[in-house]
Every structure is written in C-alpha cells, then in structure tokens.
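# Fold and contact review
Spelled out, the chains give:
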Amino acid sequence: MIFDVLTIFPDFFVSPLQEGIIRRALQDGKIEVGVHNIRDYALDRHRMTDDRPFGGGEGMVMKPEPLADCLKAVLVGDMPTRVILLSPKGQLFTQATAHRLAAYSRLVFVCGRYEGVDERFREKYVDEEVSIGDYVLTGGELAALVVMDAVSRLLPGVLGCEDSAANDSFSCGMLKHTQYTRPRVFEGTAVPDVLLSGDHAAITRHRFIESVKITLERRPELLADVQFTAAERKILKKEALLSRIDTLVKEHRTEHHSAG
Ligand code: SAM
C-alpha cells in the first residue's frame, strides 16, 4: 500500500512513522509513505497556499491551484487510488471504512488547514471526505495519521499475528473482551479462573460473553447489526442476555424505521 500525504506541515509525519508497527511496516516494505509539501507548488514568490475567503468571513481558505498541482504530481501511474480529503464534514471514519480503504493500492490524503480547502478543488479532485470524529482539529495531519494507522494494521503481514485484527473491537461487530496478563493477582484482584483453566472452549465462551456484556454496557447500538449464530444465542439465553439484546434490537429498528 502506498500512502501519499499532501500537507503544508511535512515535519508532522516524521516521528509518528518512526515508531512501533508502522516503522516495521515501512522497513519491511508493506507500506510506503510519501509526504508532499503543498507549498512547493505555490505560484507566487511568497509560497502562499491560502487566501481570504470570497464573500468575507473569518480565517483563510487553502487555494485550489497549489493543491491541484501537488496532487497531479503525485498521481502518476494507473494503480487503484483513492483521494481522501480529511474534513470534519466528511463521513465518520469507522473500522468498516478502514477495511474498505485497505483494498486500494494507493491512498492520497489531503490535509486541510485554516478554514479548509477551496470547494472547486474538492469537487474536481476528491473521491471522498473522511472525518475522524465530531470535533474540529487544527489540521488534517492527525486525521491522516489516524486513517493511515488503522488501514495499515489491516494489511497482510503488518501485524505479527494475523488473527489480531480479525479479533479486534468492531471487526466482529462488538467491542473486544477484557484482557489480563501477569501477575495473577494485582492489588488483591485475581485473574478470572477460567483464563487459567487451559479449557479453550470455556475461555472462548467466557470471552464471547464478556464481549457481549461490554458492548451492551458501552455501545448497545452496535448489537443491532450483529448476527448471532444459533449456538451463540443459546449461550446468551443461558446467561439471561438474549431477551435484553432482542428488546434492544427491536427498539433500535423501530427508532430507525420512524426516523426514516
Ligand atoms: N472551518 C472548518 C469547518 O468548520 O468545517 C474546519 C476547518 S479545520 C480548523 C482545518 C482542517 O482540519 C480541515 O480542513 C480538515 O482537513 C482538518 N480537520 C479538522 N477536524 C477534522 C476532523 N474531525 N476529521 C478530519 N479532519 C479534520
């Protein structure tokens, strides 16, 4: 996977790409990252990449020409590419978005600053707008790093253990179960016995129930889209969780039906 980033602050990307799994993915050639300074494509001698908004109003807007010229210089070759504008007005980024984007060969991130980018650049060159949450950042660089990180760990060979991403929160539609490591007792609290039992079926069952309980407590709306198997429904019934989930799903569907 090739990531290309268009930014006026290229140094932003130096340290985050030199740590942990992302550093190893770069070293192993699983990902490539090109950071491109939009300022190098500015037309005037002051290397201006922004200007005042037409119609007045606060702040500055990123000019379309340096953005377009920078993008054109990056878009060489014909590999499947997605041009992504990071923006609080975009579609909310989720694990499902990360999976979808991981199928491309190249992702190009356009990092906005100030009040954002000229609308004509967005219309002509951007394939999709992505927001990493309902809040406003000072620039798109952190958002680009978030998307890059989440997509990278889904690529073959990037994580040490291939099952890791498959068992993450959201990948199975629910939040991940609780986890423990040594020592067996920490400040008077022991690790659940079942995890020390060596009984893998019991451990899987315990973790499944934990996962359902955590999701019920923290993000119940996620359960509306989970398809439980007959065996799982049997476990949930035994744990007195099934009727709560069925009621919740019914409520969720009614809400969506009346909202639509
Ligand atoms: N005035 C804009 C608005 O209200 O929609 C916000 C501009 S923000 C200060 C500057 C840049 O930060 C944006 O162009 C975008 O690239 C980035 N940004 C801010 N919040 C973001 C978010 N939640 N997700 C992704 N990018 C974001």
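Our subject is the structure listed above.
What counts, and at which threshold
Residues numbered from 1 in each chain as written. Predicted model: local features only at pLDDT ≥ 70, side-chain atom pairs only at ≥ 80, totals over all residues. Heavy atoms only, no water. Helix = DSSP H or I, 4+ residues; strand = E, 2+ residues; numbered from the N terminus. Rg over C-alpha atoms; globule rule 2.2 N^0.38 Å. Buried < 20%, exposed > 50% of the residue type's maximum accessible area, 1.4 Å probe, protein only. Contact = heavy atoms within 4.5 Å. Areas by Shrake-Rupley, 256 points an atom, 1.4 Å probe, with all protein chains shown as cover. Core = buried A, V, L, I, M, F, W, Y, C linked by side-chain atoms within 4.5 Å. Phe/Tyr/Trp six-rings, centres within 6.5 Å; stacked < 30°, edge-to-face > 60°. Axes fitted to C-alpha atoms, helices over the stretch in contact; angles between N-to-C directions. Parallel < 35°, antiparallel > 145°, perpendicular 65-115°, else oblique. Nonpolar A, V, L, I, M, F, W, Y, C, P; charged D, E, K, R; others polar. Near = heavy atom within 4 Å. Polar contact = N/O pair within 3.5 Å; in protein donor to acceptor, adjacent residues only side chain to side chain.

It is worth spelling out the overall build of the chain at this point. Within the chain, the secondary structure is distributed over nine helices and nine strands. Taking 18 Å as the expected radius of gyration for a compact globule of 260 residues, we find that the chain reaches 23 Å, considerably beyond that expectation. A principal-axis box enclosing the C-alpha atoms of the chain has dimensions of 70 × 50 × 40 Å. Per-residue burial over the chain gives 38% buried out of 260 residues. Intrachain contacts of the chain at a sequence separation of at least 6 include 75% that bridge at least 24 residues. In the form shown here, the chain has an accessible surface area of approximately 15,700 Å², with 51% of it arising from carbon and sulfur atoms.

Counting residues in hydrophobic clusters, the biggest one holds 30 residues, and the most contacted among them are F109 and V151. Going through the elements one at a time, β1 (2-7), α1 (20-27), β5 (81-92), α3 (95-101), β6 (106-111) and α5 (141-152) are the ones with two or more residues in this core. Ranked by the residues each element gives to this core, the list is headed by α5, at seven residues. Apart from the residues lying within four places of it in its own chain, the contact partners of V151 are M1, F3, A98, L101, A102 and L107. Among the nonpolar cores identified, the runner-up in size contains 16 residues, and I38, L67, V83 and V117 belong to it.

Right, let's get into the packing of aromatic side chains. For the structure shown, the criterion picks out four aromatic pairs. Ring geometry for F208 and F228: centres 6.0 Å apart, planes at 80°, overall edge-to-face. Here F228 lies in the loop between α7 (200-218) and α8 (230-238) and F208 lies in helix α7, a separation of 20 residues in the sequence. The pair formed by F208 and F228 is uniform in burial state, with each residue classed as buried.

What follows covers the packing of α8 against helix α9 (residues 242-259). In contact at an axis separation of 7 Å, α8 and α9 are set at 110° when each is read in the N-to-C sense. On the basis of their axis angle, the class for α8 and α9 is roughly perpendicular. Along the contact surface, α8 presents R233, L236 and K237, while α9 presents L242, I245 and D246. Taken together, the residues of the contact of α8 with α9 break down into three nonpolar, no polar and three charged.

This part is about the packing of α7 against α8. Contact geometry for α7 and α8: axes closest at 11 Å, N-to-C directions at 70°. Relative to α8, α7 is oriented roughly perpendicular. Mapping the contact onto sequence places R205, F208, I209 and V212 in α7 and E232, I235, L236 and K238 in α8. Of the residues that constitute the contact of α7 with α8, the class distribution is five nonpolar, no polar and three charged.

With respect to spatial proximity, 20 residues lie near the ligand, and among them L86, G112, E115, Y135 and L137 are the closest. The separation between an oxygen atom of the ligand and a polar main-chain atom of L86 is 2.6 Å. At a separation of 3.3 Å, a nitrogen atom of the ligand approaches a polar backbone atom of S87. Notes on the ligand: free accessible area 580 Å², of which the protein chains cover 84%. Elements represented by at least two residues in the shell around the ligand include exactly β5 and β7 (128-131). When residues of the shell around the ligand are assigned to their parent elements, the largest contribution, four residues, is made by β5. Here the residues of the shell around the ligand are counted per class, giving nine nonpolar, eight polar and three charged.

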